[in-house]
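This is what each chain is made of:
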Amino acid sequence: LEPDPKSIEKWSGTYIEKNSVLVGNGQLRQIKFAISLFRESCKKTYIDELAESDLLNFLRHLSALPVFRNLRNTPSMRRRAAQRRERCPAKQQTIGARTVSNYYKTVVRWLRQGGVDAKIFPPPPRFEQPEVTIYRPDQIKSLYALVTGSLRIALGLMLSVASVGKRLRSHISRISIS
């Protein structure tokens, strides 16, 4: 007798139920949303039927997923702005590369625990981390000239913590573990 194939729907319920005890509400919502996005893009019934093409389709689906971003931080206070839909205007974009990568890793973790062969998983998508702005000494001096009182103390504390962290990271990167 062959064992019954594991259905994607049953496994998602079991996985979410198991993780509801282990992780917090925010992470559980992310897991549920990522699994629902995968089930939206893949119409297969059983885990054994999954192939690399299903995961590539999932990545394409994630990359094309629309999201709306507010163009204003606060709603407009102008008269009749709400009637003309200008009170809280939004522009449509797609989700970012980091979010795509996080959702993909969540789904891969779910499928691996479900018994999917590791050979079908393409590598996770890459995303570029933005470079941190480094200020020149003359820029820092002009900033100190503008700030007074407790804000000046807070600025000094932030800059000293940042420089210690930078030195520590550069020191750690030079250490080679043999």
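Given the structure is predicted, the values throughout are model-derived calculations rather than measurements. (Residues numbered from 1 in each chain as written. Predicted model: local features only at pLDDT ≥ 70, side-chain atom pairs only at ≥ 80, totals over all residues. Heavy atoms only, no water.)

When you look at the environment of Val 108 in this model, what are you seeing that I'm missing?
Relative to the elements of secondary structure, Val 108 occurs in helix α4 (residues 97–113). Separated by 13 residues in sequence, Val 108 and Phe 121 have C-alpha atoms that sit 7.5 Å apart. (Helix = DSSP H or I, 4+ residues; strand = E, 2+ residues; numbered from the N terminus.)

Teacher, can you tell me more about the side chain of Asn 19 here?
One can find Asn 19 in helix α1 (residues 8–22). Excluding residues within four positions of it along the chain, Asn 19 makes contact with Leu 28 and Ile 31. (Contact = heavy atoms within 4.5 Å.)

Help me out: how do you make sense of the packing of aromatic side chains in this one?
Taken as a whole and judged by the stated rule, the model has four aromatic pairs. Here Phe 38 and Phe 58 contribute two aromatic rings whose centre-to-centre distance is 5.4 Å and whose plane-to-plane angle is 75 degrees, an arrangement assigned as edge-to-face. You can see Phe 38 sitting in helix α2 (residues 25–41) and its partner Phe 58 sitting in helix α3 (residues 52–63), a full 20 residues away along the chain. A relative accessible area of 0% means that Phe 38 is categorised as buried. Assessed through its relative accessible area of 0%, Phe 58 is described here as buried. Between Phe 38 and Trp 110, the aromatic rings sit 5.7 Å apart at their centres with planes inclined by 75 degrees, giving edge-to-face as the arrangement. Residue Phe 38 is located in helix α2, and its partner Trp 110 is located in helix α4; the two are separated by 72 residues in the primary sequence. Looking at Trp 110, the relative accessible area reads 0%, which means it is buried. By way of ring pairs, the aromatic residues Phe 38, Phe 58 and Trp 110 are connected into one cluster. Its guanidinium or amino end placed over the ring of Trp 11, Lys 6 lies 4.5 Å from that ring's centre, counting from NZ or CZ. (Phe/Tyr/Trp six-rings, centres within 6.5 Å; stacked < 30°, edge-to-face > 60°. Buried < 20%, exposed > 50% of the residue type's maximum accessible area, 1.4 Å probe, protein only. Lys NZ or Arg CZ within 6 Å of the ring centre and 35° of its normal.)

Looking at this model, I keep getting lost on the confidence of the model for the protein. Mind explaining?
Any region with low pLDDT has predicted coordinates that should not be read closely. Per-residue pLDDT for the protein averages 79, and the proportion of residues at 70 or more is 75%. Of all secondary-structure elements in the protein, the lowest mean pLDDT belongs to helix α6 (residues 150–174), at 71, while α2 reaches the highest, 91. (pLDDT = per-residue confidence, 0-100.)

What is the right way to look at the pattern of salt bridges in this model?
Between side chains of opposite charge, a pair can form as their charged atoms come close. According to the stated counting rule, one finds three salt bridges in the structure shown. Lys 44 is the salt-bridge partner of Asp 54, the closest N and O atoms lying 3.0 Å from each other. A residue pair is termed long-range when its members are at least 10 positions apart, and Asp 54 in helix α3 and Lys 44 in the loop between α2 and α3 qualify at ten residues. Taking the relative accessible area as the measure of exposure, Asp 54 reaches 8% and is therefore buried. The salt bridge partner of Asp 138 is Arg 136, with a shortest N-O separation of 3.3 Å. Judged by its relative accessible area of 45%, Asp 138 is partly exposed. According to the relative accessible area criterion, Arg 136 is partly exposed, its value standing at 48%. (Salt bridge = Lys/Arg side-chain N within 4 Å of Asp/Glu carboxyl O.)

I tried to follow the environment of Gln 30 on my own but got confused; where do I start?
If you trace the backbone, Gln 30 turns up in helix α2. Here Gln 30 falls in the partly exposed class, since its relative accessible area comes to 28%. C-alpha separation for the pair Gln 30 and Asn 102, spaced 72 residues apart in sequence, amounts to 9.3 Å. Residues within four places of Gln 30 in sequence aside, it is in contact with Asn 102, Tyr 103 and Thr 106.

Just checking my understanding: could you explain the nonpolar core for this structure?
Counting 29 residues, the largest nonpolar core has Phe 38, Leu 50, Trp 110 and Leu 111 as its most contacted members. Those elements that place two or more of their residues in this core are α1, α2, α3 and α4. The dominant element in this core, judged by the number of residues it contributes, is α4, at seven residues. For Trp 110, the residues in contact, after removing those within four places along its chain, are Ile 8, Trp 11, Ser 12, Tyr 15, Ile 35 and Phe 38. (Core = buried A, V, L, I, M, F, W, Y, C linked by side-chain atoms within 4.5 Å.)

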